[in-house]
Amino acid sequence: QQQVKQSPQSLIVQKGGISIINCAYENTAFDYFPWYQQFPGKGPALLIAIRPDVSEKKEGRFTISFNKSAKQFSLHIMDSQPGDSATYFCAASMQSSGYALNFGKGTSLLVTP
Amino acid sequence: GAGVSQSPSNKVTEKGKDVELRCDPISGHTALYWYRQRLGQGLEFLIYFQGNSAPDKSGLPSDRFSAERTGESVSTLTIQRTQQEDSAVYLCASSPTYGNTIYFGEGSWLTVV
C-alpha cells in the first residue's frame, strides 16, 4: 500500500509565486524525509531533506516544513521560476529498511512565465 | 564515473524474452537500490543491496524478477519471460552508507512489444 500520500497531483503557479506540495505518512518509524526533483528523461535528484528532530529546513528558495504530530511534511518553493517546472516526489525512509525510499506519487509542477 | 551509470538506456524486447539491466553505482557506495517507474507514475521500490547482500526482496513484483550484485560494485536486474506490463523505466540508485543521500541514475527504459 502507498506509505506516503502526496498532493496535489498537479500544480500550476505563476512566476514569482509560491508552490506548495504536501505529503502525509503513517509509519512513525520513518526518520528521513527527502524531496526529489525529476525532469523528463532524467533520474530523480535530491532537492532537500529533513529529519524529524527539526520542524523546518531551508535551502535557498526551497523549504521543508515538518509536523511530527500530524505526520505531515510539505515543500514550499518561494519565488517559483519556469526552470522549477518538473515533477516533485516526497519520500520517507527508515533505518530498518536500509533507508530504501518510499515515494509519494509525485506532483507535476508547471510555473508559467 | 561521476554518477550512477545504467545500461542499456533503452531496450525494446519481444514479449517472452529475458532482459538484463545493468547498474554501475558510484565508486565506494555500499548501498544500491532498484526502482521501477511506469509512465507518469511514482517510483516503486524493487530491491536494495547492502554490499552484495539483499536483505529485502519484498518489492520484486514476481518470481520473474531477480537481481544480484557483485561485491560493492555492479548490479544486474534480470526480468525473465517479459510481459507488456513490465514496460517501464528501471532506475538504479546508490548511497555511501545507510542514511546518506541516495543518488539516482538516469534509468533504463524498457519497452516490451
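That block above? That's the structure.
Quick summary incoming for the structure in this document. The shown structure was predicted, so the numbers you read here are calculated from the model rather than taken from an experiment.

Residues and elements named next belong to chain B. For the structure shown, the criterion picks out 8 salt bridges over all chains. For the salt bridge of Lys-17 with Glu-14, the shortest nitrogen-to-oxygen distance reads 3.7 Å. Exposure remark for Glu-14: the relative accessible area of 49% places this residue in the partly exposed category. The closest approach of N and O atoms between Asp-86 and Arg-64, which form a salt bridge, is 2.8 Å. Highlighted residues: Asp-86 in the loop between strand S8 (75-79) and strand S9 (88-95) and Arg-64 in the loop between strand S6 (53-56) and strand S7 (65-69), separated in sequence by 22 residues. Overall, the relative accessible area of 1% leaves Asp-86 in the buried class. The exposure class of Arg-64 is buried, given its relative accessible area of 13%.

All names here are of chain B. Turning to its location among the elements, Gln-83 is positioned in the loop between S8 and S9. Measuring from C-alpha to C-alpha, the distance between Gln-83 and Arg-64 comes to 9.8 Å, with 19 residues separating the pair along the chain. Setting aside its immediate chain neighbours within four residues, Gln-83 contacts Lys-15, Arg-64 and Val-112.

Right, let's talk about the interface of chain B and chain A for a bit. The partner chain A presents 19 residues to the 16 residues of chain B that form the contact. If you look at where chain B meets chain A, you find 1 salt bridge. Note that Glu106(B) is salt-bridged to Lys42(A), the shortest N-O span being 3.3 Å. Linking chain B to chain A there are 4 residue pairs in polar contact (both at pLDDT 80 or more). Residue assignment for the side of chain B that touches chain A shows that the elements contributing at least two residues are strand S4 (31-37) and strand S5 (43-50) of chain B. For the side of chain B that touches chain A, the residue count by class is 9 nonpolar, 6 polar and 1 charged.

What the rule picks out here adds up to 2 disulfides over all chains. Paired by a disulfide, Cys23(A) and Cys90(A) hold their sulfur atoms 1.8 Å apart. The sign of the -95 degrees torsion about the S-S bond sets the Cys23(A)-Cys90(A) disulfide as left-handed. Of this pair, Cys23(A) sits in strand S3 (residues 19-25) while Cys90(A) sits in strand S9 (residues 86-92); the two residues are 67 residues apart in sequence, bridging distant segments of the chain. Of the residues examined, Cys23(A) reaches a relative accessible area of 2% and is grouped as buried. Sulfur-sulfur distance for the disulfide between Cys23(B) and Cys92(B) comes to 1.9 Å. Note on the Cys23(B) and Cys92(B) pair: the S-S dihedral is about -70 degrees, so by sign convention the disulfide is left-handed. Of the two residues, Cys23(B) is situated in strand S3 (residues 19-24) and Cys92(B) in strand S9; the sequence distance between them amounts to 69 residues. Accessibility assignment for this pair places Cys23(B) and Cys92(B) in one class, buried.

Reading the values: the criteria
- Residues numbered from 1 in each chain as written.
- Chains lettered and ligands numbered in written order.
- Predicted model: local features only at pLDDT ≥ 70, side-chain atom pairs only at ≥ 80, totals over all residues.
- Heavy atoms only, no water.
- Salt bridge = Lys/Arg side-chain N within 4 Å of Asp/Glu carboxyl O.
- Buried < 20%, exposed > 50% of the residue type's maximum accessible area, 1.4 Å probe, protein only.
- Helix = DSSP H or I, 4+ residues; strand = E, 2+ residues; numbered from the N terminus.
- Contact = heavy atoms within 4.5 Å.
- Polar contact = N/O pair within 3.5 Å; in protein donor to acceptor, adjacent residues only side chain to side chain.
- Nonpolar A, V, L, I, M, F, W, Y, C, P; charged D, E, K, R; others polar.
- Disulfide = S-S within 2.5 Å.

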